Amino acid sequence: MAYATREARQHLLDTIGEAVDELAIAVAALGGAYELLDEVTGDRLEDALFRPVQSALGRAKRTCAAFAERHGLETRDYDAANAGVMPSQGPRAFVERASETISEADLILSELQDSMMPVEVGDPDVRAGIADVRSAIGPLEEAAARFLRTLGR
C-alpha cells in the first residue's frame, strides 16, 4: 500500500511539475516580448502579465518543493529557456505563446483538481498551493487578450 501511495504522490508532483514547465515557458515568452517593446509598453506588459505569471510560477515551484520535502520525493529541475518563438515574429507572437502556455498550465491544474488526487494522496497544503496558482493565472488569459488588443496603438 505504501508503494502505491508513494507512486501516486510522485505522479501528483510530476503533474504539478508539468504546469510549472508551462508557466516557465510563459515567463520566457513574456521576457522575449519585453525585449522587443518600447519602455512604456514594456512596463504595461510587466504589470499586466509578467509579474503575475512570475509570481504564479514561484508559488507553483514552492508548492512542488514543499510537497516533495514533506513526503520524501525527488523534485526535478525546471528549465524553459526557450519559449519557442523567434524574435523576428515580434512581441505579439511571444505574448500569444505565453497566453497559450498559461492556459495549458491552468488546464493541467484543473484536471488535477478534478481527479481528486490532491485529496486522496496529497495534503491540505498542496491543495491550497494548486488553488492559489489557479487563482493567480485564471484572469491572465483575458489580461493577455486586452494587452494584445492595444499592442501597437
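That block above? That's the structure.
Rules behind the numbers
Residues numbered from 1 in each chain as written. Predicted model: local features only at pLDDT ≥ 70, side-chain atom pairs only at ≥ 80, totals over all residues. Heavy atoms only, no water. Patch = residues over 30% accessible without salt bridge, like charges linked within 9 Å, V, L, I, M, F, W, Y side chains within 5 Å. Areas by Shrake-Rupley, 256 points an atom, 1.4 Å probe, with all protein chains shown as cover. Salt bridge = Lys/Arg side-chain N within 4 Å of Asp/Glu carboxyl O. Lys, Arg positive; Asp, Glu negative; His and termini not counted. Charge placed at Lys NZ, Arg CZ, Asp CG, Glu CD. Helix = DSSP H or I, 4+ residues; strand = E, 2+ residues; numbered from the N terminus. Axes fitted to C-alpha atoms, helices over the stretch in contact; angles between N-to-C directions. Parallel < 35°, antiparallel > 145°, perpendicular 65-115°, else oblique. Contact = heavy atoms within 4.5 Å. Nonpolar A, V, L, I, M, F, W, Y, C, P; charged D, E, K, R; others polar.

## What about a negative patch on the surface?
(1) Moving on: On the surface, D14, E18, E104, E111 and D114 cluster together into a negatively charged patch.
(2) Moving on: Mapped by element, the contributors of at least two residues to the negative patch are α1 (2-36) and α3 (91-115).
(3) Moving on: Counting residues per element, the negative patch draws most heavily on α3, which supplies three residues.
(4) Moving on: Along the polypeptide, D114 turns up in helix α3.

## A short note on the packing of helix α2 (residues 39-71) against helix α6 (residues 140-150)
(1) Moving on: Packing of α2 against α6 leaves a shortest axis separation of 10 Å and a crossing angle of 170°. On the basis of the axis angle, α2 is roughly antiparallel to α6. Here α2 contributes T41, R44, L45, A48, L49, P52 and V53 to the contact with α6, which in turn contributes L140, A143, A144, F147 and T150.
(2) Moving on: For the contact of α2 with α6, the per-class residue count stands at nine nonpolar, two polar and one charged.

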